[in-house]
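Spelled out, the chains give:
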Amino acid sequence: MPLTASAQPNANEQPKEINLDEPETPAEGTEPGEAPEAGAEGEVGAEGEVDEDAGLGDICKIDPSACPTIDLNKEAARELNLETYAVQQIYALRYHRFEVNPYFGLTMNDQFVGHNGPGLAVNWYLTNVLAIGVNGNWYAGLNTPSDFNFQTSRAARVGEPITEYQWNANANFTYVPAYGKFAGFSDFIFHYDFFVLGGVGAISTRPMAVVDPDNRTFDWKPKLAFHVGGGLRIFFNRWFAAMFEVSDYIFFDELENPAVDRNNPQDESTWLAEGTSFTNNVQAQVGFSVFLPFSWEYRLPK
């Protein structure tokens, strides 16, 4: 049964039945399916003229502010940019920004002496994933022989040759292979990235006199060093992040000679062991990163 509705009649006319299943009766003087001819108002072109064939006159009557003020034909002829960005833009952009990274390093692989100390890294990002920079560590006055070394030396009556570090400096390349985000504290979103780095520099070291401290004293000597490492940054906003990194500083070190020349113990040529020792100074670096400038604007469309 077709749905019908009755219009509210006036006092002098009969009720009119409306059948919703039937097409609307065309206006008088028009063919079925033909839109009524537009009035005097129509599309407004670039010069503010009205296009009577566009059928926009009613829009301009109801809301003049919504009436188009551009040349639609010219806009339709423009070449379209079909490139679509389906991935959200990066939260913390690194491109052409400085990263200032103060940290504190803790020795991980030397059980006889600790080489702990503060450090600073500065990087400049050539692209969003590749940076060049420098970093340095300061150890002087903070080298600490371990209790294990003391107990071993006292029990076995053998002194383990150990060295102390003064400073270390490197020039590095940094690469960011991956970044992402995770949820924490209910609805807060943390953004993070992984980075790896490699470089070359120098480290200043000297042996600590353990075997014959009464006669031997050593001077600081800089040595060629290589630097490899990797780490994680977690961003709290677009310019501040917590940082954890593991770095390995690789070099050839000189050690104290465990043998003593009893005839001439003050002969400096007998203080050092023959050859050099391949050394890995692995340290955990914990700190934070500040990216400068603090803000930026995206140049590509979303």
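Residues numbered from 1 in each chain as written. Predicted model: local features only at pLDDT ≥ 70, side-chain atom pairs only at ≥ 80, totals over all residues. Heavy atoms only, no water.

Enquirer: What am I meant to see in empty space enclosed by the protein here?
Expert: The method is simple in principle: a probe with the dimensions of a water molecule rolls over the atoms, and the space it marks as empty is what remains. By the definition in use, this model includes 1 cavity of 30 Å³ or more. Quantified by volume, the largest cavity comes out at close to 120 Å³. Those elements that place two or more of their residues in the lining of the largest cavity are β5 (98–107), β7 (117–125), β10 (162–184), β11 (188–208), β12 (221–235) and β13 (240–253). Looking at which element gives the most residues to the lining of the largest cavity, the answer is β5, with 3 residues. (1 Å grid on protein atoms, 1.4 Å probe; cavity = no way out; pocket = protein on both sides within 12 Å on 5 of 7 lines; lining within 4 Å. Points joined across faces, edges and corners; volume = space filled by probe spheres on them. Helix = DSSP H or I, 4+ residues; strand = E, 2+ residues; numbered from the N terminus.)

Enquirer: Before we go on, may I ask you to explain the confidence of the model for the chain in this structure?
Expert: Do not read the predicted coordinates in detail wherever pLDDT is low. Scored by pLDDT, the chain has a mean of 79; 72% of the residues are at 70 or more. The low-confidence segment residues 1–7, where pLDDT is below 50, has 13 contacts with residues more than four positions distant or belonging to other chains. Segment residues 38–48: pLDDT under 50, and 32 contacts once partners within four positions in sequence are set aside and those in other chains are kept. (pLDDT = per-residue confidence, 0-100. Contact = heavy atoms within 4.5 Å.)

Enquirer: Please clarify how the sheet that holds strand β14 (residues 277–292) should be interpreted in this entry.
Expert: Across a sheet, strands are paired by hydrogen bonds formed along the backbone, either parallel or antiparallel in direction. Sheet architecture is closed into a barrel: 8 strands sit in the order β5-β7-β8-β10-β11-β12-β13-β14, paired in antiparallel fashion. Pairs of neighbouring strands in the sheet enclose a mean axial angle of 25°, with direction left out of account. Bridge count for β12 against β13 is 11 bridges, and the pairing is antiparallel. Counted as the bridge partner of Gly-231 is Glu-245 from β13. (Pairing = 2+ DSSP bridges. Axes fitted to C-alpha atoms, helices over the stretch in contact; angles between N-to-C directions.)

Enquirer: Help me out: how do you make sense of the pattern of salt bridges in this one?
Expert: Should their charged atoms come close, side chains of opposite charge can pair. Under the counting rule described, the total for this entry stands at 7 salt bridges. Measuring nitrogen to oxygen at the nearest pair gives 2.7 Å for the salt bridge that ties Glu-164 to Arg-206. One end of the pair, Glu-164, is in strand β10; the other, Arg-206, is in strand β11, and 42 residues separate them in sequence. Given the relative accessible area of 24%, Arg-206 is considered partly exposed. In this structure, the salt-bridge partner of Asp-193 is Arg-233, at a minimum N-O distance of 3.2 Å. Of the two residues, Asp-193 is situated in strand β11 and Arg-233 in strand β12; the sequence distance between them amounts to 40 residues. (Salt bridge = Lys/Arg side-chain N within 4 Å of Asp/Glu carboxyl O. Buried < 20%, exposed > 50% of the residue type's maximum accessible area, 1.4 Å probe, protein only.)

Enquirer: How should unusual backbone geometry be read in this particular structure?
Expert: Peptide bonds are, in most cases, trans, and in most cases residues other than glycine have a negative phi. The omega torsion across Leu-292 and Pro-293 is -5°, close enough to zero to call that bond cis. Its location among the elements puts Pro-293 in the segment after β14. Phi angles above zero are rare outside glycine, and His-96 is one such case at about 55°. Counting through the fold element by element, His-96 comes out in the loop between α2 (72–76) and β5.

Enquirer: How should the nonpolar core be read in this particular structure?
Expert: A general trend in soluble globular proteins is that nonpolar side chains are found buried together. Formed by 18 residues in total, the largest nonpolar core has its most connected members in Tyr-103, Tyr-125, Tyr-165, Phe-195, Ile-203, Phe-235 and Phe-251. Elements with a contribution of two residues or more to this core: β7, β10, β11, β12 and β13. The residues contacting Phe-235, other than those within four sequence positions of it, are Ala-92, Phe-190, His-191, Tyr-192, Asp-193, Phe-240, Ala-241 and Phe-291. (Core = buried A, V, L, I, M, F, W, Y, C linked by side-chain atoms within 4.5 Å.)

Enquirer: What am I meant to see in the layout of surface pockets here?
Expert: Reported here for the second largest pocket is a volume of approximately 280 Å³. Lining of the second largest pocket is provided by 18 residues; of these, Asp-110, Pro-161, Thr-163, Leu-255 and Thr-279 occupy positions nearest its centre. At the level of secondary structure, the elements contributing two or more residues to the lining of the second largest pocket comprise β6 (113–115), β10 and β14. With 5 residues, β14 is the single largest residue contributor to the lining of the second largest pocket.

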